[in-house]
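Each chain, letter by letter, is given below.
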Amino acid sequence: MAERRAPHVYSIAAHRGFADALVAGLIPRYSDPQLGLARLTLLLPSSRAQRIVTEAFVRLSGGGMLLPRMAMVGDLDLDETLGPLLDPLSAGADVPPAADSTRRWLRLAQLLEAEMGTDAPKTPGLLRLAREMAQTMDRLAVEGIELGDLLDARVAGIVGDLAGHWQQAARLFARVQVRWQMELAERGEVDAPVRRNQLFEHAAKAWRAAPPPHPIVAAGITSASPALARLLRAVADLPDCAVILPDLDLALADDIWDALGRAGKPADDDDAPFAVRDAVTHPQYHLKLLLNRMGVARDEVDPWHRAGLAAAPPERSRAISNLFLPPQASAGWVSLPAAQRRLAGVRLMESAHPGEEAQAAAILIRAALEVPERRVALITPDRGLAGRVVAHLRRWGIEADDSAGQPLAQTPAGRLLLLLADVVATAASPVPLLALLVHPLAGAGDGRPQWLDHARLLDLALRGPRRAPGLAPLGAAVARVARHNAAIADWWTGIEAVLVPLLDWPEPMPLARALGDLVAAAEALCGPELWGRPDGRALAALIEDLRAASGPVGTALAPPDLPQVLRDAMDQVAVRPPWGGHPRVAIYGLLEARMSRADLVICAGLTEGSWPAAPSPEPLLPPAVLRALGVPGGEFRIGLAAHDLAGALGAPEVVLSWAQRDEAGPVIPSRFVLRVEAMLGELVEAHREHGAVLLAREIDRGIKALPYRQPKPMPSKAQRNVPVSVTALDRLRGDPYQFYAQAILQLRRLDPLDADPTAAWKGEVVHRVLERWHKAGNGAGELLAIAAEELAEMRAHPLVRSLWWPRLAKALEWIDAEIVTQHADGRTVLASEAKGAMAYLGVKVHGRADRIDRLADGTLGIVDYKTGSPPSGAMVEKGFALQLGTIGLIAADGGFDGIAGEPTHFEYWSLAKSKKGKDQFGFVVEPVKDSRKDGIPREDFLVVTEDYLREAITGYILGDKPFTARLNPDLGGYNDYDQLMRLDEWQARTETEA
């Protein structure tokens, strides 16, 4: 290889395709006929870059070849990775070991708590703040900023001029940093970025003193940390070595390059490294920063001489350069000729919403795969959008792996452990418990079907208002189910043995012990299946890491904090799929997409806040302090996102995609998209992608369904022959469809889990209390004691009992007093909760009487207890509240054992608030006209009720009337079957037609 002057720095233009162009140049330069590239050492930015470069070697090698040694500059064990190049392997005794990152995170939380005192947030918030502080410490360490710089008088002066909350935050950061550095010094450790910097310094010094015998190439590294920049400069100065940068714009005009700002190279030593007006959002800014810190001028950088397999036309790089001009220079777009602003092969695709965008992207990928050997890449920072595209592609049998992975908390193994934590935090609340029991990993094996059967039975038993915390109420529910299915008892015994240790925790509990108990429970539920997949192995690594770090630190948690802490920790771990997806489809996040290339690149999710992400300030150090220290602000990341897009735009065919709204509402297209549209000007319409969007809208559109009409079922005569209950008679008259669904189809609505106490549930409690009391002889003072026993037996949640008990107690005291008063007037209770039935026109009419009394004149009084407001007299008069009258007909017919007589009184005893006083509960009302304006006359009460009963039975049970849905639309109270009757599809139209 011919000698050339140092530094050996190259740039691969965006249109050439970095990884393939890199490999295409490395093979002829450094390959050996016998050893291939084995003598070459490649320094790469990350393990993702290693995977992409390895794929490029496979494509371009033309056969078998020994690959170069690849080392990641972010590796804490860089000295071990480089091996003989850094001899001895320890990289010098003066490089101390790195502190464990998890231990540091947990210890910082303790230091923050000690410094903040009573102002410290709860444990989850404290750990979150500690993680953010650790990230800020790493940013400072990467930039080579030490504790002394933070305590410098100039920085302290800036802090003194800030708002009060920023002053407190900065001082808190400094105090915790001092304490942490003292601990590190005692243990002889340093933070991980500090160790990397020392390794970089050691390697640069060693290679300058004694150049390595084999070539080194640093490729694709754009991090501008000072220590790494000095290492890259050392590599660039070595003979037969090189530094290769991605997408450095060598054609950018000098005045525009200068307009980017200081970029870490102030003209005066007293100036800050970064100015307020620096164009940190420009995609070339971080590369200028890197060159300045390397001490390399842009005109010393040469273009790389090779192009990749998926190279775009050379004019593409010129158009990309024009696209990202700084604001002042972009005013020149109006005078640019069309050839310099035309983005041939770039299309703009606007969708209505993310679902349509994902479908359109999947269609583009599907169409591209029809071309042999054509490679496709979808790049998006939106993991939800990426998941949708993966799901859409499966309809065509295309398995596309999202190489960015998914957070551990969203994987099956991670979700199972979080559900166990939720069970602990909520004391076995039904929702997380049942979600745990039906989890795909729980009960895996041959017994899985029976396991699910038992879980479904438990689900049905736990429907309704939440029971008291703990396992005892759950065991009572299982015992009721076991009367009909004995096998569930043994199943629950096994589940209970797993859960008992989890619910018997001290508070707070050491995190290490908590994780051990969770793991033991998880293994008991799932067996070895829990750890057998990539997510299980990632979970095992996280747990061991947390246990090893939290033990010495002494981190402890209260049970309610456990789910959030685990979820936050799991969100930091990405589970990436193994090899084996479609060979020509790649789905990348922004980090994964760097250095990659495909024939078609779809950049999706291009909206503000997504790409680029909204700049988030450091929580503890204000931007002014960071600038003074020489750390780029949050807007610096926008420039990195712009560089990612510039690299993607170098592909032969590119689609820029965005949606007009997201799940929350309308969104703004990315500033990068707006720049493309503005630069294209009148050419923009020729670049629109409409076909894929139109197909996305049509692909799932079926034949237009006919308008759904108001249901009017007409069951057969045999199907109509069903008994009528006294409560169902109201449904039959008011909404026949509800009666049809309940009595003929035998459908029942399931109560939700952890439901709020319903009127029906409260009524059940009251009826059971009063039944026991009446059968016990209406003893004075016993009513409240019976009520307390019933509530305890029903295992009601303590919050429900505490809120409802005062009202219930006052109402029951009123009933007790009212019964005593009426007994003195010669009225006695004959029966309570009595079942009765009669045959009417050959149809069984049955029901339960809450109470039947013998009045002083020998007639009967029918009593119905209500926990809320009773039906109005108008409702009874219209025939939509016939329960009292129908029970009276059954009693008159002798349908209740041991009870005979003529019913003359029909009373609702309501436990609701009385109008007599503010704190009084309970009143009696009769829906008869002699006591109120509306209702049925007392002497006609049974006659009118019988007329309504006859009309209903002859029309629906014995006749052929259709069971029309919402026959009386103004009648409220029943909505159990509205979804079944598809009410929303026809009600408004029917009312309009009427």
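Per chain, the residues get numbers from 1 upward, laid out in the order the sequence is written. Under the rules for a predicted model, residues below a pLDDT of 70 receive no local features and side-chain atom pairs below 80 are neither given nor counted, while totals for whole chains, interfaces and linings still include all residues. Think of the side-chain values as coming from all heavy atoms in the structure, minus any hydrogens and water.

A. Focus on the side chain of D568. Here a strand is any run of E in DSSP of at least two residues, a helix any run of H or I of at least four, and the numbering for each starts at the N terminus. With respect to the helices and strands, the residue D568 is situated in helix 24 (residues 562–571). Partly exposed describes any residue whose relative accessible area lies between the buried limit of under 20% and the exposed limit of over 50%, with all areas from a 1.4 Å probe on protein chains only and scaled to the type maximum. Using a relative accessible area of 15% as the deciding quantity, one classes D568 as buried. Working rule for contacts: check all heavy atoms of both residues, and any pair within 4.5 Å makes them a contact. When near neighbours in sequence (up to four residues on either side) are disregarded, D568 contacts P124, R128 and R131.

B. Spotlight on the nonpolar core. In terms of nonpolar packing, the biggest core is built from 95 residues, with L420, W491, W492, L518 and L566 touching the most fellow members. Aside from chain neighbours lying at most four places away, what touches W491 is L437, W451, H454, A455 and L458. We define the nonpolar core as a collection of buried residues of types Ala, Val, Leu, Ile, Met, Phe, Trp, Tyr and Cys that are connected through side-chain atoms lying within 4.5 Å of one another. Judged by nonpolar contacts, the second largest core, of 82 residues, contains L248, W257, L343 and A598.

C. Spotlight on helix 38 (residues 941–957). The terminal C-alpha atoms of helix 38 lie 23 Å apart, and with 17 residues this matches the ideal 24 Å at 1.5 Å per residue to within 8%. Every buried residue of helix 38 is listed here: F941, L942, T945, Y948, L949, A952, I953, G955, Y956 and I957. Expected helix span is computed as 1.5 Å times (number of residues minus one).

D. Focus on the sheet that holds strand 5 (residues 242–246). Pairing is parallel across the open sheet formed by 6 strands, whose spatial order is 3-2-4-5-1-6. One side of each edge strand has no neighbouring strand; the edge strands of this open sheet are strand 3 (69–72) and strand 6 (302–303). Only strands joined by at least two bridges in the DSSP assignment are considered to pair. By the bridge criterion, 3 bridges tie strand 4 (residues 216–219) to strand 5 in an arrangement that is parallel. For V217, the partnering residue across the bridge sits in strand 5 and is A242.

E. Region of the structure containing the pattern of salt bridges. Should a side-chain nitrogen of Lys or Arg be within 4 Å of a carboxyl oxygen of Asp or Glu, the pair is scored as a salt bridge. In total, this model carries 48 salt bridges according to the counting rule given. The residue R59 makes a salt bridge to D20 at a minimum N-O spacing of 2.8 Å. Of this pair, R59 sits in helix 2 (residues 47–60) while D20 sits in helix 1 (residues 18–30); the two residues are 39 residues apart in sequence, bridging distant segments of the chain. Relative accessible area serves as the criterion here: at 33%, R59 is assigned to the partly exposed category.

F. Highlighting the packing of helix 19 (residues 448–461) against helix 21 (residues 487–503). Angular values range over 0 to 180 degrees, each being the angle between N-to-C directions of two axes fitted as lines to C-alpha atoms, with helices fitted over their stretch in contact. Viewed as axis vectors pointing N to C, helix 19 and helix 21 meet at an angle of 90 degrees, and their least axial separation amounts to 10 Å. Considering the angle they form, helix 19 stands roughly perpendicular to helix 21. Contacts from Q450, W451, H454, A455, L457 and L458 in helix 19 reach A487, I488, W491, W492 and I495 in helix 21. Broken down by class, the residue content of the contact of helix 19 with helix 21 amounts to 9 nonpolar, 2 polar and no charged. Oblique is the label for any angle not under 35 degrees, not over 145, and not in the 65 to 115 range, which are roughly parallel, roughly antiparallel and roughly perpendicular in turn. Residue classes follow a fixed rule: Ala, Val, Leu, Ile, Met, Phe, Trp, Tyr, Cys and Pro count as nonpolar, while Asp, Glu, Lys and Arg count as charged, and any other residue, Gly among them, counts as polar.

G. How the structure looks around the pairing of strand 13 (residues 585–588). Along strand 13, one buried face is formed by V585 and I587 and the opposite face, lined by A586 and Y588, is buried too. Pairing analysis gives 4 bridges linking strand 8 (residues 376–379) to strand 13, with the strands arranged parallel. Residue pairing across strands places L378 opposite I587, the latter belonging to strand 13.

H. Fine view of unusual backbone geometry. Of the consecutive residues W611 and P612, the connecting peptide bond is found in the cis state with omega at 10 degrees. The residue P612 is located in the loop between strand 14 (600–603) and helix 26 (623–629) in this model. In this structure, D240 takes a positive phi of about 60 degrees despite not being glycine. Looking at the secondary structure, you find D240 in the loop between helix 10 (226–237) and strand 5. For D240, a relative accessible area of 37% gives the class partly exposed.

I. Broad picture of the packing of aromatic side chains. Paired rings are identified among Phe, Tyr and Trp, the last through its six-membered ring, by centres lying within 6.5 Å, and are further divided according to the angle between planes into stacked (under 30 degrees), edge-to-face (over 60) and tilted (the rest). Scanning all chains against the criterion turns up 11 aromatic pairs. Between F739 and F963, the ring centres sit 6.3 Å apart and the planes meet at 5 degrees, which makes this aromatic pair stacked. Residue F739 is located in helix 32 (residues 736–744), and its partner F963 is located in the loop between helix 38 and helix 39 (983–993); the two are separated by 224 residues in the primary sequence. The burial state of F739 is the same as that of F963; both residues are buried. The structure contains a cluster of three or more aromatic residues connected by ring pairs, namely Y737, F739, Y740, Y956 and F963. Criterion for a charge above a ring: Lys NZ or Arg CZ within 6 Å of the ring centre, and within 35 degrees of the ring normal. Sitting above the plane of the W396 ring, R395 keeps its charged end 5.8 Å from the centroid. A cation sits over an aromatic face here: R982 above Y708, 3.7 Å from the ring centre.

J. Structural detail: a nonpolar patch on the surface. Taken together, the side chains of L745, L747 and L980 make up a nonpolar region of the molecular surface, amounting to roughly 220 Å² of accessible area. Residue placement: L745 occurs in the loop between helix 32 and helix 33 (759–775). To count toward a patch, a residue needs a relative accessible area above 30% and no salt bridge. Like charges then connect within 9 Å, nonpolar side chains (Val, Leu, Ile, Met, Phe, Trp, Tyr) within 5 Å. Accessible areas in this description were obtained via Shrake-Rupley with a 1.4 Å probe; residue shielding takes into account the shown protein chains only.

Without other data, these values stay purely geometric and don't point to any function.
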